[in-house]
Amino acid sequence: MSDPDVTLLLRSTRVVTPEGIRPASVAVAGGVIDAVLPYDADTPGGARREDFGDDVLLPGLVDTHVHVNDPGRTEWEGFHTATRAAAAGGITTLLDMPLNSLPPTTTVEHLRIKQRVAAPKAHVDTGFWGGAIPANTKDLRPLYEAGVFGFKCFLSPSGVEEFPELNQEQLARAMAEITGFGGLLIVHAEDPGHLADAPQRGGPAYADFLASRPRDAENTAIAGLIAHARRLNARVHVLHLSSGDALPLIAAAKREGVRVTVESCPHFLTLTAEEVPDGATEFKCCPPIREAANQDALWAGLADGTIDCIVSDHSPCTTDLKTPDFASAWGGISSLQLGLPAVWTEARRRGHGLDDVARWMSAAPAALAGLSRKGAIEAGRDADFAVLAPEAAFTVDPAGLFHRNQVTAYAGRTLHGVVRSTWLRGVRIAADGVLAEPAGRLLERNDRS
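Residues numbered from 1 in each chain as written. Predicted model: local features only at pLDDT ≥ 70, side-chain atom pairs only at ≥ 80, totals over all residues. Heavy atoms only, no water.

Chemist: If you had to explain the packing of helix H7 (residues 215-232) against helix H8 (residues 247-256) to someone new, which residues and values would you point to?
Modeler: Contact geometry for H7 and H8: axes closest at 10 Å, N-to-C directions at 10°. As judged from the angle between their axes, H7 and H8 are roughly parallel. Between H7, through Asn219, Ile222, Ala223, Ile226 and Arg230, and H8, the contact on the second element is made entirely by Leu249, Ile250, Ala253 and Glu256. Grouping the amino acids of the contact of H7 with H8 by side-chain chemistry returns six nonpolar, one polar and two charged. (Axes fitted to C-alpha atoms, helices over the stretch in contact; angles between N-to-C directions. Helix = DSSP H or I, 4+ residues; strand = E, 2+ residues; numbered from the N terminus. Parallel < 35°, antiparallel > 145°, perpendicular 65-115°, else oblique. Contact = heavy atoms within 4.5 Å. Nonpolar A, V, L, I, M, F, W, Y, C, P; charged D, E, K, R; others polar.)

This is the structure we're talking about:
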């Protein structure tokens, strides 16, 4: 440890490191972790010490699936409100999805517009995905060189007309282009044919909505995606997996060496179809929340490594768009601030530890995006932390949430794990629900920071 450079020493009886959870002191110099030291290490002269007692020091969470919608649909969500919610929930880095903003992030010009809007508002470090749509194959390489972390596409309608889906020919063309420059394609995988063939009934019944988005739509789309990836040696990522039936297919592809990774989301891992009241469209998302037995399969997929990471898919809207009709209501769940306690509540019940949660919600998303300075408490990484009281419980009150529209599927639920504070590059940006001024940086793929 280079004592003169250390300005901060953070101590806890429970620090989550890549080697496990242990008592430790973490020395910070210049916003970077200088060393992970024994718990009783002396505080270097001139450095400030923060002692968190038995609260757990976690690496700051990395959320690679967030719809901020800014500019253009800022009444749904904006960078100021979304990143405040992220900071309050222990998230220190997020990647913004390319759609639901106007314009979508499908050209370099559109990326620069979004960056200009985000720069003064970001409370956490923020990067951007590009979009792959039928008409922008020529724009993919320039976007990659401009710093996007990869490209998102849909295989079925996205819900917004300015971001159309790819058919199989267009998917193969985009995948080949992206593979040619070493990029990553991330995919909303639901097959449009299976969706068209499913029964479509409007109204408040959740059972009808669930029937309209069958597991086979996911399974078929993922099978096709894997086939393309195998043929092209492409790197692909399956977004928001909800169908446990697809896990054997994915596991087999991984064993074969196909370069496929997979995420799931807090709502699929903590909420079940059986508990969704009719008309409660705050629970609507696509693909949908499925049955409890399916949720068990997803947790098994996390445990055995078939599912790589957990990210929010925070997709908010204005309250009026959550009509009681599941067919017409906007599909999306807002969970930025609640993802960590929601996942921890269920993980602890199933016998998992906070080291597992840190791997799924910090290390693995950071690795997915190539954020080599994020995702772990070890020397050389950014000094990004979440301080969690894991035994403390609270009841979710929508009025206490920082995202723009306080609609949440978690309202009234009792969750374990209170985020006491959040630290970004050695600076406390949130503490007990009080947020500091925006201090986030805009990230580009080339930074690796």
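Chemist: Run through the sheet that holds strand S13 (residues 260-264), naming residues and quoting values.
Modeler: Sheet architecture is open: six strands sit in the order S9-S10-S11-S12-S13-S14, paired in parallel fashion. Among the strands making up the open sheet, the edge pair consists of strand S9 (130-131) and strand S14 (309-310). As paired strands, strand S11 (residues 185-188) and strand S12 (residues 236-238) are joined by three bridges and run parallel to one another. Bridging across to S12, Val187 finds its partner in Val238. (Pairing = 2+ DSSP bridges.)

Chemist: Please give an account of the nonpolar core that cites residues and values.
Modeler: Core analysis: the biggest nonpolar cluster contains 98 residues, and Leu58, Phe151, Leu185 and Leu241 have the highest contact counts within it. Among the elements that make up this core, the one with the highest residue count is helix H1 (residues 79-88) (six residues). For Leu58, the residues in contact, after removing those within four places along its chain, are Val16, Leu340, Leu354, Ala358, Ile377, Asp384, Phe385, Ala386 and Leu388. Core analysis: the next-biggest nonpolar cluster, separate from the first, contains 21 residues, Val62, Leu95, Leu184 and Leu371 among them. (Core = buried A, V, L, I, M, F, W, Y, C linked by side-chain atoms within 4.5 Å. Buried < 20%, exposed > 50% of the residue type's maximum accessible area, 1.4 Å probe, protein only.)

Chemist: For the layout of surface pockets, give the residues involved together with the corresponding values.
Modeler: Each pocket or cavity is described by its volume, and for the largest pocket that value is around 470 Å³. Every element with two or more residues in the lining of the largest pocket is listed here: strand S10 (151-154) and helix H6 (206-212). Broken down by class, the residue content of the lining of the largest pocket amounts to 13 nonpolar, 14 polar and six charged. Size it by volume and the second largest pocket reaches roughly 330 Å³. What lines the second largest pocket is a set of 23 residues, among which Ala88, Gln337, Phe394, Gly400 and Val419 lie closest to the centre. Of all the elements in the fold, those that place two or more residues in the lining of the second largest pocket are strand S15 (385-395), strand S16 (414-424), strand S17 (427-431) and strand S18 (434-435). Among the elements that make up the lining of the second largest pocket, the one with the highest residue count is S16 (six residues). Grouping the constituent residues of the lining of the second largest pocket by class yields 13 nonpolar, seven polar and three charged. (1 Å grid on protein atoms, 1.4 Å probe; cavity = no way out; pocket = protein on both sides within 12 Å on 5 of 7 lines; lining within 4 Å. Points joined across faces, edges and corners; volume = space filled by probe spheres on them.)

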